[in-house]
Amino acid sequence: MINLILFGPPGSGKGTQAANLVQHYNLYHISTGDMFRSEIGNKTELGLLAKSYMDKGELVPDEVTVNMLRKRVEDNPQVKGFIFDGFPRTVAQAQALDAMLEDMGQPITALLELKVPAEELIVRLMNRAKTSGRADDADANVIKNRIQVYRENTAPVAEYYDQKDKTKAVHGVGEVAQITQNLIDALDAAIAESNAA
Ligand code: ADP
């Protein structure tokens, strides 16, 4: 089983790259952001709650997020592995994920961190706003807050997995196909390392 955390700031290309990696490795893609947007679309109680945080660029509380994620993992016992996209976003979420995967005997294979400069992120998100219809892309202050939250709460997740020798940085600027290849090279190296261990 391959369990990949696709990591990086808002606008770093996680969603685009996850779709390409799903094809290459035949993994099951879980995006907590997409799951929340689907709940919002269906006007569920969970969606209403999530929206109140997302519209401000804040994180949805860990307990709510972890319970939703756990259910999605448990509902898919037959898959070859998962790509976690936009999760974990706090160290507490990372610890919950590790505990969950330990119960299944299937640890995280690697955390791949897409490296993109902050100025480029803002340009990309403002451009995405023109077509995404996402309220959190349309407002420069909300974008700035998301990047700030990433620095404060989410970046420590990369350090957490670095201490377990699982974090690999990947250059995230340039052609989409080239970045996909960078990710594949990094993940193949991590798979080889975990097989050797
Ligand atoms: P992006 O990476 O571009 O910010 P996402 O779709 O991953 O887009 O996330 C959008 C929003 O959804 C976040 O700003 C946050 O409010 C909420 N969200 C998504 N995943 C999580 C998570 N793991 N924990 C808490 N909130 C989350």
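A look at the site of the ligand
Taken together, the neighbourhood of the ligand is formed by 20 residues, with Lys14, Thr32, Arg37, Glu58 and Gln93 sitting nearest. The side chain of Arg89 places a nitrogen or oxygen atom 3.1 Å from an oxygen atom of the ligand. Between the ligand and Arg146, the relevant distance is 3.1 Å, taken from an oxygen atom to a side-chain nitrogen or oxygen of the residue. When the ligand is considered free in solution it has 550 Å² of accessible area, and contact with the protein chains removes 97% of it.

So, the sheet that holds strand β3 (residues 81-85)
Strand order in this open sheet of five strands is β2-β3-β1-β4-β5, and the pairing throughout is parallel. With one partner strand each, in any of the chains shown, β2 (28-31) and β5 (167-171) form the two edges of the open sheet. Across this sheet, the average inter-strand angle for adjacent strands is 25 degrees, counted without regard to direction. In the packing of helix α1 (residues 14-25) onto the sheet, contacts are made with β1 (2-7), β2, β3 and β4 (110-115), and the angle to β1 comes to roughly 160 degrees. Packed on one face of the sheet, helix α8 (residues 140-162) meets β1, β4 and β5 and runs near 145 degrees to β1.

So, how was this worked out
Each chain carries its own residue numbering, running from 1 in the direction its sequence is written. Local features in a predicted model are, by the rule used here, given only for residues with pLDDT of at least 70; side-chain atom pairs are given and counted only at 80 or more, and totals for whole chains, interfaces and linings are based on all residues. Side-chain calculation: all heavy atoms of the structure are included, whereas hydrogens and water are not. Residues are labelled near a given molecule or strand when at least one of their non-hydrogen atoms is within 4 Å of it. Under the rule applied, a polar contact is a pair of N or O atoms within 3.5 Å (in protein, one hydrogen donor and one hydrogen acceptor; residues adjacent in sequence only if both atoms are side-chain atoms). For the area figures, the Shrake-Rupley method with a 1.4 Å probe applies, and any residue is considered shielded solely by the protein chains shown. Two strands qualify as a pair provided that DSSP identifies no fewer than 2 bridges between them. Elements are defined by DSSP. Helices are runs of H or I of four residues or more, strands are runs of E of two residues or more, and each kind is numbered from the N terminus. Note on method: axes are straight lines fitted to C-alpha atoms, helices fitted across the in-contact stretch only, with angles between N-to-C directions ranging 0 to 180 degrees. Any two residues having at least one pair of non-hydrogen atoms within 4.5 Å are treated as being in contact.

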